[in-house]
Amino acid sequence: MMTYIVFILSTIFVVSFVSFSSKPSPIYGGLGLIVAGGVGCGIVLNFGGSFLGLMVFLIYLGGMLVVFGYTTAMATEPYPEAWTSNKAVLGAFITGVLAELLTACYILKEDEVEVVFKFNGAGDWVIYDTGDSGFFSEEAMGIAALYSYGTWLVVVTGWSLLIGVLVIMEVTRGN
Amino acid sequence: MKPPILTIIMLTVISGTMIVMTTSHWLMVWIGFEMNLLAIIPILMKKYNPRAMEAATKYFLTQATASMLLMMGIIINLLHSGQWTVSKDLNPMASIMMTTALAVKLGLAPFHFWVPEVTQGISLSSGLILLTWQKIAPLSILYQISPTINPNLLLAMAIMSVMIGGWGGLNQTQLRKIMAYSSIAHMGWMTAIMMYSPTMMILNLTIYIIMTLTTFMLLMYNSTTTTLSLSQTWNKTPLITSLILLLMMSLGGLPPLSGFIPKWMIIQELTKNEMIMMPTLLAMTALLNLYFYMRLTYTTALTMFPSNNCMKMKWRFKCTKKMIFLPPLIVMSTMLLPLTPMLSVLD
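Just so it is clear, the structure is predicted and the values come from calculations on it, not from any experiment.

Peer 1: Sorry if this is basic, but what is going on with the UniProt feature "domain: NADH:quinone oxidoreductase/Mrp antiporter transmembrane" (unreviewed entry) in chain B here?
Peer 2: The positions that UniProt labels "domain: NADH:quinone oxidoreductase/Mrp antiporter transmembrane" (unreviewed entry) are, in the present scheme, residues 24-286 of chain B. Overall, residues 24-286 of chain B shows 77% helix and 0% strand. The separation of its end C-alpha atoms is 36 Å.

Dropping the structure here:
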């Protein structure tokens, strides 16, 4: 099972995305996001990016999702819609899970499948040690590159975050 | 909106488009589009009524979906070519996804449904920015990937856009919706020529932006948003009445006005590439556009539209809006035809 852990985590990732895309009440959508965040962290960890995976837990789950949970709790309705209380949500959820199951079985059965790109069964999700990165962790090198070659990217992302705050202030001011 | 905030937000809208136009890294293209989208939302919501909120929400949802499709195309390109450079060798699958995504951003048929609804719900100045500046960024990316675009997809969308822009605008009396359908039709003309001569697309875009800018400024001068109130301009500012006449004829593509330049050049380029049915179809459906422009001139400049008796006192109220760029824009949108031979500098 451990060799195919990335495949399993990816499947759980897609199912949790389906769980909040089928539009239950935001509280339950937040639950799907938590599962997706945790599993996504696992996928990143399997590729050797330990720092970034733990960043997902800390900042995304521990920061943004907590704020999201609190605001949803403030704005919630008396009878929130879960996946089983509304036939439309249940139908969308079942459709999504069924599609994912069929895709997963198709991938596992055949030897070589081509959906958008060719891959050879479940074997392509196993992490091999390809690429000669030597003694350096690629992830740490990537983060270092962000602050050396990627200065413009940091400037643009920082500016976009500032604009995000200003836009939200402007939109919710309303008078 | 307070002036410092408005300045910063407009700066971000402009720099978002500049980033898309000048970058060589696909990720920065996506970032530029998202910056642009995020910053233009408060501009669309300048008036705090539910209609403007609804329009801004619709715009945000459609453009965000298009950005996601674009990202998917970028990642597929990365997978197949192994690099992030914006170049003209795209994987066909990535090219199709990017073309579809950019078509949603532009409002090409069959993804045109958001254009009239969003344009109608926002103020005239926001509609101006939406229909002119927001078209530049997607068209610049289409320009860069134009050698690898699937011709069937693009030409089908182009012909559908011109048809839907023509037929959709026929039943409208609200001026913002008319301008929205006009935008859809012009985008159709621009994408039709993209396969054969992207330079003509730039020419069409330039002249379209000048004409739409002028139209919106004339409408903003009197704050008119319906045909009925436009038909009263003979009373308020008679000069604008004759200018609307010239401008509508130019938008419809009649010689000897500037609006004829792009249509002439496009039909010429298409026939040089041995496509006969398509320019015929485009020219014939452009007549539908001309019909509703003519209806506007008919009610505004050529007849005295029915109104009640106190309307004839409107000239007593002087309009105080300063539109200093209006005269040069009007000259540019009606009198550029003799300068067409200057296109030879592009060779």
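Here the narrative resumes.
Peer 1: Quick question: what am I supposed to make of the UniProt feature "transmembrane region" (unreviewed entry) in chain A here?
Peer 2: All names here are of chain A. The residues that UniProt annotates with the feature "transmembrane region" (unreviewed entry) are residues 27-47, 54-76, 88-108 and 146-169. The distance from the first to the last C-alpha atom of residues 54-76 is 30 Å, and the span holds 91% helix and 0% strand. Annotation note: span residues 146-169, helix share 92%, strand share 0%, distance between end C-alpha atoms 29 Å.

Peer 1: Sorry, what's going on with the nonpolar core here?
Peer 2: Residue and element names in this part refer to chain B. Residues Trp 26, Tyr 59 and Leu 139 are the most contacted members of the largest nonpolar core, which totals 103 residues. Sorting elements by how many residues they give to this core places helix H9 (residues 198-222) first, with 15 residues. With sequence-adjacent residues up to four places away left out, Tyr 59 is seen in contact with Leu 37, Ile 40, Ile 41, Leu 44, Trp 114, Val 118, Leu 130 and Gln 134.

Peer 1: What is the right way to look at the packing of aromatic side chains in this model?
Peer 2: Describing an aromatic ring pair means giving the distance of the ring centres and the angle of the ring planes. On inspection of all chains with the given rule, the structure shows seven aromatic pairs over all chains. Between Phe 260 of chain B and Trp 264 of chain B, the ring centres sit 5.6 Å apart and the planes meet at 20°, which makes this aromatic pair stacked. One end of the pair is Phe 260 of chain B and the other is Trp 264 of chain B, both in helix H13 (residues 260-272) and four residues apart, which spans about a single turn. Cluster of aromatic residues (ring-pair linked, three or more members): Phe 13, Phe 17 and Phe 20 of chain A. Looking at Lys 263 of chain B, its charged tip hangs above the ring of Trp 189 of chain B, at a distance of 5.0 Å from the centre.

Peer 1: Explanation requested: helix H1 (residues 5-21) of chain A in the structure shown.
Peer 2: At 3.6 residues per turn, the α-helix brings residues three or four places apart onto the same side. All names here are of chain A. With 17 residues, H1 ought to run about 24 Å at 1.5 Å a step, and its terminal C-alpha atoms sit 24 Å apart, in line with that. Listed in full, the buried residues belonging to H1 are Ile 5, Val 6, Phe 7, Leu 9, Ser 10, Thr 11, Ser 16, Val 18 and Ser 19. For H1, the elements touching its buried residues are helix H2 (26-46) and helix H4 (87-109). Residue Lys 23 follows H1 closely and has a positive phi angle near 55°.

Peer 1: Looking at this structure, how should I read empty space enclosed by the protein?
Peer 2: Any empty space left between the atoms is revealed when a probe the size of a water molecule rolls over them. Residues and elements named next belong to chain B. Taken as a whole and assessed by the stated rule, the structure comprises three cavities of 30 Å³ or more. Approximately 60 Å³ is the volume attributed to the largest cavity. Every residue lining the largest cavity is listed: Phe 33, Asn 36, Leu 37, Tyr 59, Gln 63, Lys 105, Gln 134 and Pro 138. Listing elements by their share of the lining of the largest cavity, those giving two or more residues are helix H2 (26-44), helix H3 (50-81) and helix H6 (124-144). With three residues, H2 is the largest single contributor of residues to the lining of the largest cavity. In terms of residue class, the lining of the largest cavity is built from four nonpolar, three polar and one charged.

Peer 1: Even after reading the chapter, I still don't get helix H5 (residues 114-121) of chain B, so can you show me in this structure?
Peer 2: Residues and elements named next belong to chain B. By the criterion of burial, H5 is predominantly enclosed, with seven of the eight residues buried. Burial in H5 covers these residues: Trp 114, Val 115, Pro 116, Val 118, Thr 119, Gln 120 and Gly 121. Looking at the buried positions of H5, the neighbouring elements they touch are H3, helix H4 (92-106), H6 and helix H8 (175-194).

Peer 1: Explanation requested: the pattern of salt bridges in the structure shown.
Peer 2: Where charged atoms of side chains with opposite charge meet at close range, the side chains can pair. All names here are of chain B. Inspection of every chain in the model, using the stated rule, returns four salt bridges over all chains. For the salt bridge of Lys 58 with Glu 117, the shortest nitrogen-to-oxygen distance reads 2.4 Å. With Lys 58 in helix H3 and Glu 117 in helix H5, this pair connects stretches of sequence that are 59 residues apart. The class for Lys 58 is partly exposed, based on a relative accessible area of 26%. For Glu 269, the salt bridge is made with Lys 272, and the minimal N-O distance between the two is 3.4 Å. Of this pair, Glu 269 and Lys 272 are both found in helix H13, three residues apart, which corresponds to roughly one turn of the helix. Overall, the relative accessible area of 15% leaves Glu 269 in the buried class. One network of salt bridges, with partners in common, ties together Glu 54, Lys 58 and Glu 117.

Peer 1: Mind showing me how you'd approach a nonpolar patch on the surface here?
Peer 2: Residues and elements named next belong to chain A. Taken together, the side chains of Met 1, Met 2, Tyr 4, Ile 8, Ile 12 and Val 35 define a hydrophobic patch exposed on the protein surface, amounting to about 580 Å² of accessible area. By the element assignment, Ile 8 lies in helix H1. The class for Ile 8 is partly exposed, based on a relative accessible area of 32%.

Here is what the cut-offs are and how they apply
- Residues numbered from 1 in each chain as written.
- Chains lettered and ligands numbered in written order.
- Predicted model: local features only at pLDDT ≥ 70, side-chain atom pairs only at ≥ 80, totals over all residues.
- Heavy atoms only, no water.
- UniProt positions renumbered as here; feature names shortened; annotations may be inferred.
- Helix = DSSP H or I, 4+ residues; strand = E, 2+ residues; numbered from the N terminus.
- Core = buried A, V, L, I, M, F, W, Y, C linked by side-chain atoms within 4.5 Å.
- Buried < 20%, exposed > 50% of the residue type's maximum accessible area, 1.4 Å probe, protein only.
- Contact = heavy atoms within 4.5 Å.
- Phe/Tyr/Trp six-rings, centres within 6.5 Å; stacked < 30°, edge-to-face > 60°.
- Lys NZ or Arg CZ within 6 Å of the ring centre and 35° of its normal.
- Expected span 1.5 Å × (residues − 1).
- 1 Å grid on protein atoms, 1.4 Å probe; cavity = no way out; pocket = protein on both sides within 12 Å on 5 of 7 lines; lining within 4 Å.
- Points joined across faces, edges and corners; volume = space filled by probe spheres on them.
- Nonpolar A, V, L, I, M, F, W, Y, C, P; charged D, E, K, R; others polar.
- Salt bridge = Lys/Arg side-chain N within 4 Å of Asp/Glu carboxyl O.
- Patch = residues over 30% accessible without salt bridge, like charges linked within 9 Å, V, L, I, M, F, W, Y side chains within 5 Å.
- Areas by Shrake-Rupley, 256 points an atom, 1.4 Å probe, with all protein chains shown as cover.

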